[in-house]
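# Residue-level structure breakdown
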Amino acid sequence: MPFRSLSVALLAGYIQFCSAVGLAQTLNPVCQPTVTGPIVVASPAQRLAAGQRAQPPLTDIFAWPDTPIGIIKTSGGYEFFASDGGAHSRQTWNGHWVGNNKSGSVVTTAGTLDNPLGSGDPQDVSVSPNSDPAVNPTYPSYGYMGGGPVYQVPAGLTGAGNLLVTYHAELPKDALYAALGLAASSDNGLHWTDLGEIIRLNQAYAVGLDGFEIGDGPLVLSPDGKYFYLYFPDWMANGTLHTTNPAGVSTTTNVSVARALVASVLEAAFGPAHPHAVAFEKFYEGSWRLQPGIGGASSDLNPKSQYLGYIDIHYNSALSRYVMIVSNDTTFAYAESVDALHWTLPISLGDFGPIAAYPTAVGLGDDPHVLERKFFVYFTHLPTDGTGWQGGSLRRLTLTCP
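Residues numbered from 1 in each chain as written. Predicted model: local features only at pLDDT ≥ 70, side-chain atom pairs only at ≥ 80, totals over all residues. Heavy atoms only, no water.

## A short note on the packing of aromatic side chains
Going by this rule: Only the six-membered ring of Trp is used, alongside the rings of Phe and Tyr, when aromatic pairs are assigned; centres must lie within 6.5 Å, and planes under 30 degrees apart are stacked while those over 60 apart are edge-to-face, with the rest tilted. Put simply, DSSP H or I for four residues or longer makes a helix, DSSP E for two residues or longer makes a strand, and each gets a number counted from the N terminus. Remark: exposure states derive from per-residue accessible area (1.4 Å probe, protein chains only) relative to the maximum for the residue type, with buried under 20%, exposed over 50%, and partly exposed in between. Charges are assigned to positions over rings by a cutoff of 6 Å between ring centre and Lys NZ or Arg CZ, combined with an angular limit of 35 degrees from the ring normal.
By the definition in use, this model includes 17 aromatic pairs. Ring centres of Tyr177 and Tyr205 lie 5.3 Å apart, and the angle between their planes is 70°; on these two criteria the pair is classed as edge-to-face. Of the two residues, Tyr177 is situated in strand β14 (residues 177-185) and Tyr205 in the loop between β15 (192-199) and β16 (220-221); the sequence distance between them amounts to 28 residues. Judged by centre distance (6.3 Å) and plane angle (90°), the ring pair of Phe376 and Tyr378 falls under edge-to-face. By relative accessible area, which is 9% here, Phe376 ends up buried. Site record: aromatic cluster; members linked through ring pairs are Tyr229, Tyr231, Phe283, Trp288 and Trp343. Across from the ring centre of Tyr139, 4.5 Å away, lies the NZ or CZ of Lys102, which sits over that ring. Positioned above the aromatic ring of Tyr227 is the side chain of Arg259, whose terminal nitrogen or guanidinium carbon lies 3.7 Å from the ring centre.

## Quick notes on the confidence of the model for the protein chain
Quick note on the threshold: Confidence scores here are pLDDT values: one per residue, from the predictor, ranging 0 to 100. Contact criterion: two residues are considered in contact whenever any of their non-hydrogen atoms come within 4.5 Å of each other.
Across the protein chain, the average pLDDT comes to 89, with 88% of residues at or above 70. When the criterion is pLDDT under 50, residues 241-245 qualifies, and its contacts beyond four places in sequence or with other chains add up to 13 contacts.

## Overview of the sheet that holds strand β18 (residues 256-261)
Counted only if it meets this: Pairing between strands is defined by DSSP: at least two bridges between the two strands are required.
The 5 strands lie next to each other as β16-β17-β18-β19-β20, forming an open sheet whose pairing is antiparallel. Lying at the two open borders of the sheet, with one neighbouring strand each, are β16 and β20 (287-292). Direction of pairing for strand β19 (residues 281-284) relative to β20: antiparallel, over a ladder of 3 bridges. Its bridge partner lying in β20, Glu281 is registered against Pro292.

## Observations concerning the sheet that holds strand β4 (residues 77-82)
Rules: Helix axes are fitted only over the stretch in contact, all axes being lines through C-alpha atoms; the angle between N-to-C directions runs from 0 to 180 degrees.
Taking strand neighbours across the sheet as the criterion, the 4 strands line up as β3-β4-β9-β10 in an open arrangement whose pairing is antiparallel. Edge positions in the open sheet fall to β3 (70-74) and β10 (123-125), since each of these has one partner strand only. Strand after strand, the sheet turns through a mean of 20° between neighbouring axes, direction not considered. Sheet topology note: the strand β9 (residues 106-111)/β10 ladder contains 3 bridges and is antiparallel. By the bridge assignment for β10, Val106 is matched with Val125.

## A few points about the nonpolar core
Keep this limit in mind: Nonpolar cores are built from buried Ala, Val, Leu, Ile, Met, Phe, Trp, Tyr and Cys residues. Side-chain atoms within 4.5 Å join them into one set.
Among the nonpolar cores identified, the biggest contains 46 residues, and Leu164, Trp192, Ile199, Phe228 and Phe280 are the most heavily contacted of them. If sequence neighbours within four positions are ignored, Ile199 has contacts with Ala179, Leu180, Ile214, Leu230, Phe232, Ala258, Phe280, Lys282, Gly293 and Ile294. Within the second largest apolar cluster, 20 residues are counted, among which are Tyr307, Val326, Ala333 and Trp343.

## Brief notes about the pairing of β3
The side chains of a regular strand alternate, first on one face of the sheet and then on the other. In terms of strand pairing, β3 meets β4 through 5 bridges, oriented antiparallel. Within the sheet, the bridge partner assigned to Thr74 lies in β4 and is Gly77. In sequence, β3 turns back onto β4 through a hairpin of 2 residues.

## Quick word on the side chain of Ser299
Put simply, the rule is: Counted as a polar contact is a pair of N or O atoms within 3.5 Å, where, for protein atoms, one must be capable of donating a hydrogen and the other of accepting one, and residues adjacent in sequence contribute only when both atoms are in side chains.
Within the secondary structure, Ser299 sits in the loop between β20 and β21 (310-316). Of the residues examined, Ser299 reaches a relative accessible area of 14% and is grouped as buried. A distance of 2.7 Å separates a polar atom in the side chain of Ser299 from the backbone nitrogen of Glu285. If sequence neighbours within four positions are ignored, Ser299 has contacts with Thr253, Val255, Ser256, Phe283, Tyr284 and Glu285.

## Some details on empty space enclosed by the protein
Cut-off, in case you're wondering: We place a 1 Å grid over just the protein atoms. Points where a 1.4 Å probe fits but has no way out form a cavity, open points with protein on both sides within 12 Å along at least 5 of 7 lines form a pocket, and any residue with an atom within 4 Å of a point lines it. Grid points are joined across faces, edges and corners, and a volume is the space filled by probe spheres set on the points. Amino acids are sorted into nonpolar (Ala, Val, Leu, Ile, Met, Phe, Trp, Tyr, Cys and Pro), charged (Asp, Glu, Lys and Arg) and polar (every other residue, Gly among them).
Overall, the coordinates contain 3 cavities of 30 Å³ or more when judged by the stated rule. For the largest cavity, the calculated volume is near 90 Å³. Along the walls of the largest cavity sit 14 residues, with Ile69, Gly70, Ile71, His314 and His369 positioned nearest its centre. When contributions to the lining of the largest cavity are tallied by element, the ones reaching two or more residues are β3, β12 (144-152), β21 and β24 (347-363). The residue makeup of the lining of the largest cavity, split by class, is 9 nonpolar, 4 polar and 1 charged. Estimates place the volume of the second largest cavity at around 40 Å³. What lines the second largest cavity is simply Asn254, Val255, Asn302, Ser305, Tyr307, Ile311, Met324, Val326 and Pro346. Among the residues making up the lining of the second largest cavity, the classes are represented as 6 nonpolar, 3 polar and no charged.

## Details of the pairing of β14
In terms of burial, β14 is largely enclosed, as 9 of its 9 residues are buried. Of the two faces of β14, the one carrying Tyr177, Ala179, Gly181, Ala183 and Ser185 and the one carrying Ala178, Leu180, Leu182 and Ala184 are both buried. Alignment of strand β13 (residues 163-171) against β14, held across 9 bridges, turns out to be antiparallel. Looking at the pairing, Glu170 lines up with Ala178 of β14. Bridging between β14 and β15 involves 5 bridges; their strand directions are antiparallel. Within β15, the residue paired with Leu180 across the bridge is Ile199. Hairpin connection between β14 and β15: a loop of 6 residues separates the two successive antiparallel strands, and Asn188 in this loop has a positive phi of roughly 65°.

Have a look at this one:
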């Protein structure tokens, strides 16, 4: 490349870099949300009764919801999707084998925003292996495989009306090493087929690693609508899990992101060829094309944040911004972004524990995935009195932007 062209390219890159840094430094939230106290929308007694109605009949406790919740609006109300974290031993139901000896599933319920469990029978469905074992050779090794965040394909796109779910899969013989994958359903969640992994930590799996929670976030459309973004905390490869390594460099990110083309994801999942996932790319050092979703490195989109944990992100049409809710299992925090890459510093929404996990923001309009000035945040509440899931409940906050 001639020197003059190289200089122009470097100057353009420098200007772009400075603009990005300036945006990150000057962006402030346009909403300072007011937050109501939590209300219970699924009590321990309601959860117990729903578990006794679940189909196929459960072989373990009804550990629901053990992931964030996916919600779609129907003509009669709402459908909710979330994992049952109980074990699913193989059994016969209506003459067919169900279950896969793993913990986790995708549970479908029909209800209202005030009563997500409704009065019907929860459909508790394990994610089935792909017919092509090469799509996900790790599938037999998972000890847990459950999902909740769903994306319903809109009209006009490949697979219109079908569902994609982001699932959280854990490898056994470790405190907690998890990956993110996709599964597809063409019958509204009565069956789910594994499409394979799309995100793994930069830190490779090894027996005996410290635990690290990668979460289970929703697919988010990019500002131009061409890409699926998926957000997660990442663990940089160094074999330990401490705030800093000996060189003083952070080894975990507060929030990282990977992406793949919407058209490619839907064609691979629902096209005429065998169903599978496509490769995602992590965002690293200002580029999408250097690091793969499976094991690649990633940049921290909010390195000065004081909050690390479960991440839920949705677009807010009233603010014309993306909204992030973060839970560190006790405290919830709120942040905003214009471009879905540069974020305001999260501000605290309050403490809702002792254990408050899996936040899910829900819009009150026609599309629950799109937030407005008033929206709900659901979360799983667990006590620390030894009752565990027996005393667990689903709770809800109301956030309002003045």
